[in-house]
Structure formats: structure tokens, C-alpha cells
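Each chain is listed here by its residues.
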Amino acid sequence: MAKQLYWEDVKVDDEVTPLPKVATSLMLVKWAGASGDFNPLHYDDSFASSQGVNSRIVHGALKRQWLVQLMTDWIGEQATLKKFSCRYRAMDWPRKMATIGTPEEGETWYCKGKVTKKYVEDGEHYVDCEIWIENGKGEVTTPGTATAILPSRG
Amino acid sequence: MLPEEVTKFIGQGAGATVAEVEKGAIKRFADAVDDANPVYWDEEYARNSRYGSLIAPPGFFGWPAKLPRGAIFQRPTDVSDAAESRGGLGLALAKAGYPRGLDGGIEYEFFCPVCAGDILTVKSVIKDIVEREGKTGNMAFLIVETTYHNQNGALVAIARATSIQR
């Protein structure tokens, strides 16, 4: 497991360790099966096109979970994700598969974040973060916020 | 101004549904996200962690309890057990000029971890419905709050999901 983050190690404006992700048609099918969202908008290009979104789009809730992972990877196991929010501001389109297990060349998404506030409340050590997903063009498609309780070296 | 046929749904709730957080469902979920965290995958590792067992990623509450057999999908703003009331709201929103709903986003507050094998009681309530002016015309925001309690009666999480109706 990644190293543990301590409250004392964090400063306002610090970067949350970026998490790269590649959305693929394969991943969207897995997500449909795991989440129970079988809307064909996310796996059928002609249906998606009839809905005015060109081709299949990435589930908002999958992007939400990428951002959850961004936080849980960064804060480490001894920390607790306390609050989380995100908005599905813009659509994202997955890469198609080139082979059975590898995607075509294309976009890589980056989940990113930065610390906006650091404080102690009722004896707990908190950090607030701004978090977001950038598409391959560097545009933010999914902005959000997160609050975590970190362990303290005391 | 939203008509009373729409706003009368604010505060309306639903009966509780129950979701079992199965180990296999946790792994399938973590796999779909491509999240290799051993607390979702490795039983022995998880047993020796602060959690004492495999846990679910924050945001996973078991296979969606609200999903009826044969359903294609359900938005987080759909209200469990209140098919009638939700259906009525859908019709009322359509009549008010907002026939289509889009998943707008979600907020979570987490109170305790969800462990493999937990049985969660899931309750949703229509928290608010507000109209706002947008660049491309008016929109209605439907906010549904869902609470999750575990088998010990502990509050696990609160989710507030927004559907943008146009």
C-alpha cells in the first residue's frame, strides 16, 4: 500500500497526487455491470448518437469513483474520507478497444486536486481539497470537493 | 415558479429498501474503477487492517437496492419504493416543461465504513425541487437525499444527488 499521509505533512495549496485514468469501452461495460446502470447511452454508439451525444459517453458515477480513488490513494489507509462532492459538468467519451485487452491510442484523463484548507476541529485533523478531472485537452469535466480526516503525528 | 403539482412532492419520502454488501460485488465494483486497493481485494490484508474486514469503496453501498428486477437503470435521484410518487413527479415535471432528467452530481457525507457482509437500510426523500435560470433556458434541480444505516443501526452515509431537469 502507498505510504501514509499525516496531517503535519500537508500544506494549503499542496497538490493531491494525480491519478491517471483511461476510460475505455471495456471499462464502461464493466462499470455498467458493477453499478447496475445499463443505460445504452454508455455502450451503444447509435443509441447515444440518437440522443444527441455523438457516441457512447462515460458514466458520471464512474468519474465520481475515480475521484474517490484519487482521495483514498492519496490520504492512505489510516485516514478517512469524510465528505465528497462532484458535478458532472461536461461529457467524456471513452477510447475504443484496439485489441481484446488494450485500448486505441487517445485521451488520458487526470484526476487532480489541491489542498484548500487545513484545520483541527473537535480533536480531529482535517484537510479540505478541491478536486477535479481533466480530459486529454486539459479541460475540467468533473469538478468537486473533498474533506478528509488525517492521522496526526501528535 | 414551479407549480404546486411539482412542489407538493418536496419532503415526500419512501419506505426503506435493504441492500446486502456482497464481497463479490465489492470486487466487481473496484475492478470496474480499476482500483487495486487491497482493502477491497485481499481478505487477509483487510482482516489485519484497521477495518478488520474487506470494505466497500466510499460511494458503494451494495448492488443498488432500488433497482427493480429487469430495470435498465435508475438515477440516484429516483426514490426507492415510491415508484408511484416518483412517476407522479416525473409527469408533473414534464407538464411544467421539464421532461428530461440528467445526472447533475452528488454529495456524500461518510460516518462509518461499509464492510463486506453489511446489510444496509436505504431510505430516500425528495429534499428540494428548485427552478433556476440557465444560459440555455430554465432548469429544475431535483435533490434527493438518501441515508444508509447498517445492521447495527449506525448511520453509515448520507448522499445528496441532483438531477437537472430540462
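Model, not experiment: these values are computed from the prediction.

1. What about the overall build of chain A?
Item 1. When its secondary structure is counted, chain A shows three helices and five strands.
Item 2. Each helix and strand of chain A, ordered N terminal to C terminal, gives the series β-α-α-α-β-β-β-β.
Item 3. Each of the three principal axes of chain A carries a C-alpha extent, and together these read 55 × 30 × 30 Å.
Item 4. Across chain A, contacts joining residues at least 24 apart in sequence account for 67% of those joining residues at least 6 apart.
Item 5. Of the accessible surface of chain A, which amounts to about 7200 Å², a share of 50% is contributed by carbon and sulfur atoms.
Item 6. Here chain A contributes 19 positively and 21 negatively charged side chains, and the mean placements of these two sets differ by 1 Å.

2. A look at the pairing of strand β3 (residues 119-134) of chain B
Looking down a regular strand, the side chains alternate between one sheet face and the other.
Residue and element names in this part refer to chain B.
Item 1. Bridging between strand β1 (residues 17-20) and β3 involves four bridges; their strand directions are antiparallel. Bridge pairing links A19 to L120 in β3.
Item 2. Bridge count for β3 against strand β4 (residues 137-149) is 13 bridges, and the pairing is antiparallel. By the bridge assignment for β4, D128 is matched with I143.
Item 3. Following β3, the chain reverses through two residues before pairing antiparallel with β4.

3. Quick look at the interface of chain B and chain A
Item 1. Contacts between the two partners involve 35 residues from chain B and, on the opposite side, 34 residues from chain A.
Item 2. With both sides pooled, the region where chain B packs onto chain A buries about 2800 Å², and carbon together with sulfur makes up 52% of that total.
Item 3. Across the contact surface, chain B and chain A share one salt bridge.
Item 4. The salt bridge partner of B:D31 is A:K30, with a shortest N-O separation of 2.9 Å.
Item 5. For the interface between chain B and chain A, the tally reads 14 residue pairs in polar contact (both at pLDDT 80 or more).
Item 6. Counting only elements with at least two residues in the side of chain B that touches chain A, the list comes to α2 (23-33), α3 (38-41) and β2 (101-110) of chain B.
Item 7. If one sorts the elements of the side of chain B that touches chain A by residue count, β2(B) sits on top with eight residues.
Item 8. Residue classes in the side of chain B that touches chain A are distributed as 21 nonpolar, five polar and nine charged.

4. Focus on the pairing of strand β2 (residues 80-87) of chain A
Item 1. One ladder, built from six bridges, connects β2(A) with strand β5 (residues 140-150) of chain A; its direction is antiparallel. Paired with A:F84 across the two strands is A:A146, which belongs to β5(A).
Item 2. In this structure, β2(A) lies alongside β2(B), joined through five bridges in antiparallel fashion. Bridging across to β2(B), A:K83 finds its partner in B:E109.

5. Some thoughts on the sheet that holds strand β1 (residues 15-21) of chain A
Item 1. As summarised here, the arrangement of the ten strands in space is β1(A)-β3(A)-β4(A)-β5(A)-β2(A)-β2(B)-β5(B)-β4(B)-β3(B)-β1(B), forming an open sheet in which the pairing is antiparallel. At either margin of the open sheet sits one strand with a lone partner, and together these are β1 of chain A together with β1 of chain B. Neighbour-to-neighbour, the strand axes of the sheet open up by a mean angle of 25°, direction not taken into account.
Item 2. Helix-sheet contacts for helix α3 (residues 60-75) of chain A involve β1, β2, β3 (109-121), β4 (124-134) and β5 of chain A together with β2 of chain B, and the interaxial angle to β1(A) is about 135°.

6. Topic: α2(B)
Owing to its 3.6 residues per turn, the α-helix brings residues three or four apart onto one side.
Item 1. If you check which residues of α2(B) are buried, you get B:A25, B:I26, B:F29, B:A30, B:A32 and B:V33. What you see down the axis of α2(B) is that its buried residues fit within an arc of 160°, all on one side.
Item 2. For α2(B), the secondary structure elements touched by its buried residues are β1, α1 (25-35) and α3 of chain A together with α3 of chain B.
Item 3. Phi turns positive one or two residues past the end of α2(B), at B:D34, with a value near 65°.

7. Regarding the packing of aromatic side chains
Item 1. Enumeration according to the criterion identifies eight aromatic pairs over all chains in this entry.
Item 2. On the basis of an interplanar angle of 55° and a centroid distance of 6.0 Å, the ring pair of B:F61 and B:Y108 is categorised as tilted. Of this pair, B:F61 sits in the loop between α4 (43-47) and α5 (83-95) while B:Y108 sits in strand β2, and the two are 47 residues apart along the sequence.
Item 3. Looking at B:F61, the relative accessible area reads 8%, which means it is buried.
Item 4. Residue classification places B:Y108 among the buried positions, given a relative accessible area of 4%.
Item 5. In textbook terms, an aromatic cluster arises when at least three aromatic residues are bridged by ring pairs, as seen for A:F84, B:F61, B:Y108, B:F110 and B:Y148.
Item 6. Above the plane of the ring of A:W7 lies A:K118, whose end atom (NZ or CZ) is 4.2 Å from the centre.

Procedures and definitions
- Residues numbered from 1 in each chain as written.
- Chains lettered and ligands numbered in written order.
- Predicted model: local features only at pLDDT ≥ 70, side-chain atom pairs only at ≥ 80, totals over all residues.
- Heavy atoms only, no water.
- Helix = DSSP H or I, 4+ residues; strand = E, 2+ residues; numbered from the N terminus.
- Contact = heavy atoms within 4.5 Å.
- Areas by Shrake-Rupley, 256 points an atom, 1.4 Å probe, with all protein chains shown as cover.
- Lys, Arg positive; Asp, Glu negative; His and termini not counted.
- Charge placed at Lys NZ, Arg CZ, Asp CG, Glu CD.
- Pairing = 2+ DSSP bridges.
- Buried area = accessible area lost by both parts, 1.4 Å probe.
- Salt bridge = Lys/Arg side-chain N within 4 Å of Asp/Glu carboxyl O.
- Polar contact = N/O pair within 3.5 Å; in protein donor to acceptor, adjacent residues only side chain to side chain.
- Nonpolar A, V, L, I, M, F, W, Y, C, P; charged D, E, K, R; others polar.
- Axes fitted to C-alpha atoms, helices over the stretch in contact; angles between N-to-C directions.
- Buried < 20%, exposed > 50% of the residue type's maximum accessible area, 1.4 Å probe, protein only.
- Arc of directions from axis to C-beta.
- Phe/Tyr/Trp six-rings, centres within 6.5 Å; stacked < 30°, edge-to-face > 60°.
- Lys NZ or Arg CZ within 6 Å of the ring centre and 35° of its normal.

This is a description of form; function is not addressed.
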